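The chain contents come next:
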Amino acid sequence: MAIQVGQRIPDVEVRVMGENGPETVRTGQVLGQGKVVLFAVPGAFTPGCSRIHLPGYVEQADELKAKGVSTIACVAVNDPWVMDAWAEAQGAKGKILMLSDGNAEFTKAMGLELDGAVAGLGLRSQRYAAIIEEGVLTSLDVEQGTGVDVSACSNVLAKL
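What you are looking at is a predicted structure, and each value in this text was computed from that prediction instead of being measured.

### Some details on unusual backbone geometry
Of note, Ala-104 is a non-glycine position whose phi angle comes to about 60°, a positive value. Residue position: Ala-104 is located in the loop between strand S5 (97–100) and helix H5 (105–110). With phi around 50°, Glu-134 is a residue other than glycine that occupies positive phi space. Tracing the backbone through its elements, the reader meets Glu-134 in the loop between strand S8 (128–133) and strand S9 (136–142).

Structure below.
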């Protein structure tokens, strides 16, 4: 069952790329303070994620910050090296906190996993956008199709 508005965000280990390589952080720490916009993608470097989803958040990061967002984070079931390379390729470094959920532990704890085995992708995250305030989920929009609509940055901006 997917997490519900009003519930606390799961506190599990994920990875980020640090100066000396991958570092372990807890989602309760990096997503649990202030107003956070979290969006999830099925995979780094995939077409919809690279052409629409991540670029929208990169381009509108300043607008999100102006509305009181302290952290903008992207999570995917990819390793930290891939997430770091994707951030570099998309100009997201310094704007978007790239969270590697390589074992899908956060994704499963959120109840938002996607079985991509039919396409050779294995277990992935559904595409979604969430607003989190002081660790509590206040908004969650999960895509029902293959496009980027309800989880787009413009939709999140309208909710803030």
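### Re the packing of aromatic side chains
Within the structure shown, the criterion is met by two aromatic pairs. Seen from their ring centres, Phe-39 and Tyr-57 are 3.9 Å apart, and the 5° between their planes marks the pair as stacked. With Phe-39 in strand S3 (residues 35–40) and Tyr-57 in helix H2 (residues 47–59), the pair connects residues that are 18 residues apart, well separated along the chain. Phe-39 gets classed as buried once you look at its relative accessible area, which sits at 0%. The exposure class assigned to Tyr-57 is buried, which follows from its relative accessible area of 0%. Taken together, a centroid distance of 6.4 Å and an interplanar angle of 50° make the contact between Phe-45 and Trp-86 tilted.

### Some remarks on the pattern of salt bridges
Applying the stated criterion across every chain, the model contains four salt bridges. A salt bridge links Asp-84 to Lys-93; its shortest N-O distance comes to 2.9 Å. According to the relative accessible area criterion, Asp-84 is partly exposed, its value standing at 24%. The partner of Lys-93 in a salt bridge is Glu-88, with the nearest N and O atoms 3.5 Å apart. Classification of Glu-88 as exposed rests on a relative accessible area of 54%.

### Considerations on the environment of Met-83
Following the sequence through the fold, Met-83 ends up in helix H4 (residues 80–90). Accessibility expressed as a relative area gives 1% for Met-83, which makes it buried. On a C-alpha basis, the gap between Met-83 and Phe-45 in space is 9.0 Å, while along the polypeptide they are 38 residues apart. Setting aside residues no more than four positions away along its own chain, Met-83 makes contact with Ala-44, Cys-74, Val-75, Ala-76, Asn-78, Met-98, Leu-99 and Ser-100.

### Notes on H2
Here H2 contains 13 residues, and its C-alpha end-to-end distance of 17 Å stays within 8% of the 18 Å for a straight helix at 1.5 Å per residue. Along H2, the helix axis deviates most sharply at His-53, where the bend reaches about 25°; the proline Pro-55 sits within four residues downstream. All buried positions along H2 are accounted for by Cys-49, Ser-50, His-53, Leu-54, Pro-55, Gly-56, Tyr-57 and Val-58.

Reading the values: rules and limits
Residues numbered from 1 in each chain as written. Predicted model: local features only at pLDDT ≥ 70, side-chain atom pairs only at ≥ 80, totals over all residues. Heavy atoms only, no water. Helix = DSSP H or I, 4+ residues; strand = E, 2+ residues; numbered from the N terminus. Phe/Tyr/Trp six-rings, centres within 6.5 Å; stacked < 30°, edge-to-face > 60°. Buried < 20%, exposed > 50% of the residue type's maximum accessible area, 1.4 Å probe, protein only. Salt bridge = Lys/Arg side-chain N within 4 Å of Asp/Glu carboxyl O. Contact = heavy atoms within 4.5 Å. Expected span 1.5 Å × (residues − 1). Bend = angle between axes of the 7 residues up to and from the residue.

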